[in-house]
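Below, each chain spelled out in residue letters.
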Amino acid sequence: MKVHELSVEHLTYWYPERERPALCGINWQVSRGEFVLLAGPSGCGKSTLLRTLNGLVPEFYGGRIAGRVRARGQDLRDIKDRRIARHVGMVFQDPERQLVMNEVEREIAFGLENLAVPENEMRRRVAEVMAFFDLTPLRRKRTADLSGGEKQKVAIASVMALQPDVLLLDEPTSQLDPGAAQEILDLIKRMNEELGLTVVLVEQRLDRVLHLADRVAAMADGKIEFDGSAQDFAHYAAERRTELLLPVTKLFVEGGRPERPLTVKDARSHIAALYEGCAEREERAGDPPMSRMKKTLQRLFAGGGREADERAFEAGRVRFRYESGEEVLKGLDLIVPRGSFTAILGPNGAGKSTLLRHFCALLHPQEGKVLQDGRDLRSVDAAALAGRVGYLSQNPGDYLFHETLRAECEFSRRQIGLSTGDDEAERVIVAVLETLGLLPHLDRNPRDLSGGERQRAALATVLVQEPSALLLDEPTRGLDSGQKEILGNWLRHYVEEGRTVVLITHDVEFAAEHAGHLVLLDDGQTAAQGTPREMLARGLFYAPQIGRAFRGYEDDVVTLADGAARLRGRSGQVDA
Amino acid sequence: MSRLSLPTVESDMRHHAGTLAFYPFLLLLLAVLVEHPLYLILLLFVTTAALILRGSLSAFGKTLRFGWAFLLVFFVLSVLINKNGATVLYAGGLNFPVFGKIRLTAESIAYQGMMLLRLLVIFGASTLYVTSLSPDRGFSLFSSFAGRSSVVAMLTTRLISYLSEQTDAVRDVMRTRGVKFEEGSWIKRLQKRNPLLNVLLVSAMEGSWQVAEAMEARGYGMGRRTAYTRERWTGRDGLVWLPMVAALFLAIGEKMSERIDYAFYPRLGPLWPDGGEALAALPVLAVLLLLPAFLLRRRRRNR
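Residues numbered from 1 in each chain as written. Chains lettered and ligands numbered in written order. Predicted model: local features only at pLDDT ≥ 70, side-chain atom pairs only at ≥ 80, totals over all residues. Heavy atoms only, no water.

> Looking at this structure, I do not really get the interface of chain B and chain A. What am I missing?
How large an interface is tends to be reported as the accessible area lost when its parts come together. Contact with chain B, which involves 54 residues of that partner, is made by 68 residues of chain A. Interface of chain B and chain A: buried area, both sides summed, is about 5700 Å²; carbon and sulfur atoms make up 52% of it. Three residues stand out in chain B for area buried against chain A, namely Arg177(B), Arg218(B) and Tyr228(B), and they jointly supply 19% of the buried area on that side. Put simply, chain B and chain A have 8 salt bridges between them. The salt bridge partner of Arg447(A) is Glu206(B), with a shortest N-O separation of 2.9 Å. Classifying every residue of the side of chain B that touches chain A by side-chain character gives 26 nonpolar, 13 polar and 15 charged. (Contact = heavy atoms within 4.5 Å. Buried area = accessible area lost by both parts, 1.4 Å probe. Salt bridge = Lys/Arg side-chain N within 4 Å of Asp/Glu carboxyl O. Nonpolar A, V, L, I, M, F, W, Y, C, P; charged D, E, K, R; others polar.)

This is the structure in structure tokens:
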């Protein structure tokens, strides 16, 4: 009989004080050296299943469990005193919350100390792991001073120092910017290929990882609904779970094509076949020079010609330096038109969050000016803007501290002198929670909600103040694609009512689909701005997958709807 | 919020963690043993010199910025409560709750002055420890005989800076929700800070749960641990330990012969008894304590 690296038999698990099981009758195996991707919407049980594979569930979480989990044939219940940590390592979502020590080298040694590894052996393993992960130059650095990507690398290195046979990863890139996320994923793949490490990865951004996996398992409602190859997964998602589709696969599904590509390269080859099948290829590679010049002139004069009363926010030659001495904004100019949906893109450290904090008067420029609705914010306190400008920081937990979501919303209204407890307050609170899909949770503790729901609950506490402008700092971080679509559609509706949205995102797909105006910040200045088509159609890094798939054939495609329409049109021509 | 700057590891790898930890401990121990004001002044001088030589004087300044109010209250209350001493400077007729009739004596003021000096040395020695030894090295040093307590201390160190950053973040969020922290009476201001504490408490609880889970996933709690250390005992450490051990024995000897004690009551004793013979150890102790401070000084590196 084949002994699997990990196997789960008839597994059912209930969290403490819950009637409904989080996992329901699961039978599943992982073979030695496999790279398995666990997919599924938020709350479907992916993270719980992952934690049963190293015994944290039920050992750490409590609750009731039925069935068996085995590692190399041995029942986890027979492996006492966390000795499973030698064989099955785990990396968590938030790099901040899994580091224990202050220095990189000591952090890597922490697990080895727990496993009582002799000192000489520890030295060898620490040195090896630091070399493999290219952490040697950082060995004496404080973990608090590392970037998010470096912290996650240290977290993975500290687990790998234990030399486990299996690595479990629970959304290890969800808190990272795209560059750092890619680096981490490449590293995981390298460990799988070079070290023969078995990998089980939970990830929301399937477009980043699907092509890396040997096998995909999709969960829904505590059960494994699909288990098979990545290619079959694309067909399964197209038929049963469209929210799990990759952007390029979704493009072909919505374009009425039978192909189910998993990567941009696959998609491009199908598109090439389609275009080359036509007698005459239309030359759409770029606008004629005169047209490009006209667009540039329009862009140059668009901001300058705008009347002051049409501007929701304006930054003029803004300079700002933090106490640490680092200058973040270096003479930044930007106009955000009223009633626009503006997405700010840019690398980490470009000044995106600092700019947003200027727009809500949490920071004030040391040089230059920041205006909100034409009013200079130099001497305005952030509290005075509440009710007019709503601000959502990166951490929704900072907004939630009352017993119920209702109390949380009422607190927000009271702060700016709005009524609570009367019909008007009830109408506004119910309307906001209903549009955000949170009305059933009105009397629940907001801290008990899932990640996506918490994000929306924090947004609700801002919206019940009925602001005319919203500033959102990376609101899509950690959301699954279904939740992102709900949020994007909601924000578009909000803007259609004449209000303004400015958001920071690393999610180019989200910006392309939903924003009307994109701004690229670089080194504390506005590097470029324009419509998604102007900004993303020819981008290298800042280009959505759909745009990349069409590059060279239809250079003005950036959204799913555009791409699907072109595919349908081209299919029609081929058929004709 | 101002934050205490912790040392980088590279800056103090020349000496063993035990050496770096023992020197502040010795100063602290002597501060508790000694009662004679001149010896305490010497200890304060040595502690200040050690802080200067390690480049930690500004950190001591920060400690005092938060600690001076405590020292002042401690001094005033102790003087008001303590009614011993023969040299009465003031005697009030009114009977106050808790304090009774006020009776200020020169002896009581001098005694509390001595206690103030002692506390300053303790504050200084603590700052010296914190700025000389990184928490990880401290953890490594103590984990072999106090494993669990060391982990708790380590996590507490991390929690302090985490809470400090979190406080700033939550305060900013609350301001954008309309909370005006600086408006209203002080009671109102305190009430406005109440939700701040709620968020911090809940976040800290959630954070500690996640850290605990990550620790358990890496085998914490399996039982006996080993210690990873880069510490190496060198001749430099021996050089530092020699005067430290000599100072310790000298102080114990002087304590046993009561020459580092001082009589505050009923009347203040002479500062310079027996023509200064009793204080002969003072310059020797000064040299023995200043030597380690000099040897442990922070060296500038050329880059």
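> What exactly am I supposed to notice about the pairing of strand 9 (residues 215–220) of chain A here?
Consecutive side chains of a regular strand alternate in pointing toward one face of the sheet and then the other. Residues and elements named next belong to chain A. Most of strand 9 sits inside the fold, with 6 of its 6 residues counted as buried. Residue alternation in strand 9 divides its side chains into two sets, Arg215, Ala217 and Met219 and Val216, Ala218 and Ala220, and both sets are buried. Of the pairings in the sheet, the one linking strand 3 (residues 35–39) to strand 9 comprises 4 bridges and is parallel in character. In the strand pairing of strand 9, Leu37 is matched with Val216. Sheet topology note: the strand 9/strand 10 (residues 223–228) ladder contains 5 bridges and is antiparallel. Bridged to Val216 within strand 10 is Gly228. Counted along the chain from strand 9 to the antiparallel partner strand 10, the turn is 2 residues long, and its residue Asp221 has a positive phi close to 50 degrees. (Buried < 20%, exposed > 50% of the residue type's maximum accessible area, 1.4 Å probe, protein only. Helix = DSSP H or I, 4+ residues; strand = E, 2+ residues; numbered from the N terminus. Pairing = 2+ DSSP bridges.)

> Can you help me understand the nonpolar core in this one?
Generally speaking, nonpolar side chains in soluble globular proteins are found buried as a group. Residues and elements named next belong to chain A. In terms of nonpolar packing, the biggest core is built from 78 residues, with Phe313, Phe359, Leu470, Leu471, Leu491, Val501 and Leu536 touching the most fellow members. Ranked by residues supplied to this core, first place goes to helix 16 (residues 451–463) with 6 residues. Counting residues in hydrophobic clusters, the runner-up holds 77 residues, among them Ala181, Met191, Leu244 and Ala267. (Core = buried A, V, L, I, M, F, W, Y, C linked by side-chain atoms within 4.5 Å.)

> Where do I start with the sheet that holds strand 15 (residues 375–376) of chain A in this structure?
The strands making up a sheet associate through hydrogen bonds between their backbones, and the pairing can be parallel or antiparallel. Residues and elements named next belong to chain A. The strand order across the open sheet formed by 4 strands is 12-11-14-15, and the pairing between neighbours is antiparallel. A single partner strand is all that each edge strand has here, and the edge strands are strand 12 (327–337) and strand 15. Pairing between strand 11 (residues 311–321) and strand 12: 8 bridges, direction antiparallel. When the bridges of strand 12 are listed, Arg311 appears paired with Pro337. On top of the sheet, helix 12 (residues 352–359) reaches strand 11, strand 12 and strand 14 (367–372); it is set at about 60 degrees to strand 12, its chief contact. (Axes fitted to C-alpha atoms, helices over the stretch in contact; angles between N-to-C directions.)

> When you look at the side chain of His517(A) in this model, what are you seeing that I'm missing?
All names here are of chain A. Inspection of the secondary structure assignment puts His517 in strand 19 (residues 517–522). Exposure remark for His517: the relative accessible area of 17% places this residue in the buried category. One polar contact links His517 to Gln529, side chain to side chain, over a distance of 3.0 Å. With residues up to four places along the chain from it excluded, the contact list for His517 reads Phe341, Thr342, Ala343, Gln529, Gly530 and Pro532. (Polar contact = N/O pair within 3.5 Å; in protein donor to acceptor, adjacent residues only side chain to side chain.)

> Sorry if this is basic, but what is going on with the packing of helix 1 (residues 17–33) of chain B against helix 9 (residues 281–295) of chain B here?
A pair of packed helices is characterised by two quantities: the angle between their axes and the separation of those axes. All names here are of chain B. Contact geometry of helix 1 with helix 9 gives a least axis separation of 11 Å together with a crossing angle of 155 degrees. Judged by the angle between their axes, helix 1 and helix 9 are roughly antiparallel. The interaxial crossing formed by helix 1 with helix 9 has left-handed handedness. Across from Tyr23, Leu26, Leu27 and Leu30 in helix 1, the residues of helix 9 making contact are Leu289, Pro292 and Ala293. (Parallel < 35°, antiparallel > 145°, perpendicular 65-115°, else oblique. Left-handed = near helix turned anticlockwise from the far one by under 90°.)

> What exactly am I supposed to notice about unusual backbone geometry here?
Where the residue is not glycine, phi is negative for most of them; where a peptide bond is considered, it is trans in most cases. At the junction of Val57(A) and Pro58(A), the peptide bond is cis and its omega measures out at 5 degrees in the coordinates. Relative to the elements of secondary structure, Pro58(A) occurs in helix 2 (residues 56–59). A cis amide bond, omega 0 degrees, links Tyr265(B) with the succeeding residue Pro266(B). With respect to the helices and strands, the residue Pro266(B) is situated in the loop between helix 8 (235–256) and helix 9. Unusually for a residue other than glycine, Gln163(A) sits at a positive phi of about 55 degrees. As for its placement among the helices and strands, Gln163(A) is situated in the loop between helix 5 (148–160) and strand 7 (166–170). Within the chain, Glu171(A) stands out as a residue other than glycine whose phi angle is a positive 45 degrees. Of note, Glu171(A) is situated in the loop between strand 7 and helix 6 (178–195). Residue Glu171(A) is classed as buried on the basis of its relative accessible area, which comes to 7%.

> Explanation requested: the packing of helix 1 of chain B against helix 2 (residues 37–53) of chain B in the structure shown.
All names here are of chain B. Viewed as axis vectors pointing N to C, helix 1 and helix 2 meet at an angle of 160 degrees, and their least axial separation amounts to 10 Å. Between helix 1 and helix 2, the crossing angle belongs to the class labelled roughly antiparallel. For helix 1 against helix 2, the interelement crossing comes out left-handed. Together, Tyr23, Leu27, Leu30 and Ala31 of helix 1 and Leu40, Leu43, Val46, Thr47 and Ala50 of helix 2 make up the contact between the two elements. A class-by-class count of the residues in the contact of helix 1 with helix 2 yields 8 nonpolar, 1 polar and no charged.

> Is there a simple way to think about the packing of aromatic side chains in this case?
Under the counting rule described, the total for this entry stands at 23 aromatic pairs over all chains. Where Phe320(A) meets Tyr322(A), the ring centres are 4.9 Å apart and the plane angle is 90 degrees; that geometry is what we call edge-to-face. Cluster of aromatic residues (ring-pair linked, three or more members): Tyr13(A), Tyr15(A), Phe60(A), Tyr61(A) and Trp209(B). One residue, Arg123(A), lies across the ring of Tyr228(B), its end atom 5.6 Å from the ring centre. One residue, Arg297(B), lies across the ring of Phe294(B), its end atom 4.2 Å from the ring centre. (Phe/Tyr/Trp six-rings, centres within 6.5 Å; stacked < 30°, edge-to-face > 60°. Lys NZ or Arg CZ within 6 Å of the ring centre and 35° of its normal.)

> Looking at this structure, how should I read the environment of Lys352(A)?
Residues and elements named next belong to chain A. By secondary structure assignment, the location of Lys352 is in helix 12. Assessed through its relative accessible area of 7%, Lys352 is described here as buried. Beyond its immediate sequence surroundings of up to four residues, Lys352 is in contact with Ile344, Leu345, Gly346, Pro347, Ile504, His506 and Leu521. A polar atom in the side chain of Lys352 sits 3.0 Å from the backbone oxygen of Gly346. Here Pro347 takes part through its backbone oxygen, which lies 3.0 Å from a polar atom of the side chain of Lys352.

> When you look at the sheet that holds strand 16 (residues 389–392) of chain A in this model, what are you seeing that I'm missing?
All names here are of chain A. Taken together, 6 strands build an open sheet; the order of strands is 16-17-18-13-19-20 and the sheet is mixed. Of all the strands in the sheet, just strand 16 and strand 20 (525–530) have a single pairing partner and so form its edges. Between one strand axis and the next, the sheet turns by 15 degrees as a mean value, whatever way the strands run. Against the sheet, helix 12 engages strand 13 (341–345), strand 16, strand 17 (469–473), strand 18 (500–504) and strand 19, with an angle of about 150 degrees to strand 17. Each of strand 16 and strand 17 is contacted by helix 16, which is oriented at about 160 degrees to strand 16, the strand it contacts most.

> For this particular structure, what's the right way to read the confidence of the model for chain B?
All names here are of chain B. Summary statistics for chain B give a mean pLDDT of 86 and a share of 93% for residues scoring 70 or more. Contacts from residues 1–11, a stretch scored under 50 in pLDDT, to residues over four places away or in other chains number 32 contacts. For this predicted complex, the interface confidence score (ipTM) comes to 0.82, while the overall pTM stands at 0.80. (pLDDT = per-residue confidence, 0-100.)

> Which parts of the structure should I look at to understand the state of the cysteines?
When the sulfur atoms of two cysteines share a covalent bond, that bond is a disulfide. All names here are of chain A. Scanning the entire structure with this criterion turns up 0 disulfides over all chains. Residue Cys44 stays outside any disulfide, its sulfur separated by 13 Å from that of Cys24, the closest cysteine. Sulfur of Cys360: no disulfide; nearest cysteine sulfur belongs to Cys409 and is 20 Å away. Note on Cys360: relative accessible area 2%, which makes it buried. (Disulfide = S-S within 2.5 Å.)

> I would appreciate a short explanation of empty space enclosed by the protein in the present structure.
Empty space left among the atoms is revealed by rolling a probe the size of a water molecule over them. If you walk through the whole model with that rule in mind, you get 5 cavities of 30 Å³ or more. Here the largest cavity defines a volume of roughly 210 Å³. Taken together, 18 residues line the largest cavity, and the ones lying closest to its centre are Ser174(A), Arg205(A), Arg208(A), Thr476(A) and Arg477(A). Of the residues in the lining of the largest cavity, the class split is 3 nonpolar, 7 polar and 8 charged. Its volume calculated, the second largest cavity comes out at about 50 Å³. Lining the second largest cavity, in full, are Arg106(A), Arg137(B), Ser140(B), Tyr228(B), Thr229(B), Arg230(B) and Glu231(B). Grouping the constituent residues of the lining of the second largest cavity by class yields 1 nonpolar, 2 polar and 4 charged. (1 Å grid on protein atoms, 1.4 Å probe; cavity = no way out; pocket = protein on both sides within 12 Å on 5 of 7 lines; lining within 4 Å. Points joined across faces, edges and corners; volume = space filled by probe spheres on them.)

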